[in-house]
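In case you want the letters, here they are:
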Amino acid sequence: MDSSRRALFLREMGLSPVWRLRGEDSAPGMPASEQPRIATGRIAAEVSAQVSAQPEVAQVPALMQDDRNARIMRMEWAELTAAVATCQACPLAKTRTNTVFGVGDQQADWLIIGEAPGAEEDARGEPFVGQAGRLLDNMFASVGLRRGDNVYIANVLKCRPPGNRNPNTSEVAQCAPHLQRQIDLIRPKLIIAMGRFAVQALLETDATIASLRGKLHRYQGVPLIVSYHPAYLLRSLTEKAKAWEDLCFARRTMAGL
Ligand code: URA
């Protein structure tokens, strides 16, 4: 990317003129002394108590649940896409306009995982197309990444929680097999989990983003980097520089894989 475009993106992110993408050596990131923390998770059937308590409507018997999960784990892309599009496993099916399956290169090295669709995503059926998505695209561009180009973007939840409320445990549990199968099919080299819900679901931890970022985690053996959610960055301008550091760390990590 030429330097004027990069400058434009950095300005858009509120990072210009302080942050410039330079050589790998000088990019901010993890101190050499910091040992990678290995956290191997499976998408948590139960997310932490921090997840808002909502009425648990779908009570599916455990055996049927196992059967459903096993079926999803055998699906190829077309079947999985159709399964999500017609999913009725939780009450979000009744309030959604569209399911938001995920978008991008199905063999991508980079997998970005967000939380759940918002209003624009629900209307258009594509993840991160609202204001937070535009910031995400600019953040990608600032480190030479582009949506769909060796990048896949998905959410933990495929349906919008009404009014953008927090996802609840039951919704995450019902939707988790879909994301799990996407990860299995893509086999990314690196996952970036953005925001508390994605991180909690993948790493099964209640730890804060601040305490988890800058370290290399693992999800079922796949290196995973934690960063702030773009919607949070829109509200908290000072954290944008940290998200930029996270992307630089991710780039360096990818280069070493
Ligand atoms: N926030 C998310 O986590 N995902 C989207 O797709 C949009 C907003």
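Residues numbered from 1 in each chain as written. Predicted model: local features only at pLDDT ≥ 70, side-chain atom pairs only at ≥ 80, totals over all residues. Heavy atoms only, no water.

Observations regarding the site of the ligand
All residues adjacent to the ligand are Gly114, Glu115, Ala116, Glu121, Pro127, Phe128, Asn155 and His229. Contacts to the ligand include Asn155, whose side-chain N or O atom sits 2.8 Å from a nitrogen atom. In the complex, the protein chains occlude 92% of the 240 Å² of accessible area that the ligand would expose alone. Tallied by class, residues from the shell around the ligand come to three nonpolar, three polar and two charged. (Near = heavy atom within 4 Å. Polar contact = N/O pair within 3.5 Å; in protein donor to acceptor, adjacent residues only side chain to side chain. Areas by Shrake-Rupley, 256 points an atom, 1.4 Å probe, with all protein chains shown as cover. Nonpolar A, V, L, I, M, F, W, Y, C, P; charged D, E, K, R; others polar.)

Let's talk about the confidence of the model for the protein
Confidence in the prediction for the protein averages 84 pLDDT; 76% of positions are at 70 or higher. Low confidence marks residues 45–57, where pLDDT is under 50. Its contacts with residues over four positions away, or in another chain, come to 25 contacts. (pLDDT = per-residue confidence, 0-100. Contact = heavy atoms within 4.5 Å.)

Side note on the pairing of strand E3 (residues 151–155)
Of all five residues in E3, five are buried, a share of seventy percent or more. Here E3 shows a buried face lined by Val151, Ile153 and Asn155 and a second buried face lined by Tyr152 and Ala154. (Buried < 20%, exposed > 50% of the residue type's maximum accessible area, 1.4 Å probe, protein only. Helix = DSSP H or I, 4+ residues; strand = E, 2+ residues; numbered from the N terminus.)

Regarding the packing of aromatic side chains
What characterises a pair of aromatic rings is the spacing of the ring centres plus the angle enclosed by the ring planes. The final tally for this structure, using the stated rule, is three aromatic pairs. An angle of 35 degrees between the planes, with centres 5.7 Å apart, marks the rings of Trp77 and Tyr152 as tilted. Of the two residues, Trp77 is situated in helix H3 (residues 77–85) and Tyr152 in strand E3; the sequence distance between them amounts to 75 residues. Comparing Trp77 with Tyr152 shows no difference in burial state: the two are buried. For the ring pair Tyr228 and Tyr232, a centre distance of 5.3 Å and an interplane angle of 35 degrees mean the geometry is tilted. Judged by its relative accessible area of 8%, Tyr228 is buried. In this structure an aromatic cluster arises from ring pairing among Trp77, Phe101 and Tyr152. (Phe/Tyr/Trp six-rings, centres within 6.5 Å; stacked < 30°, edge-to-face > 60°.)

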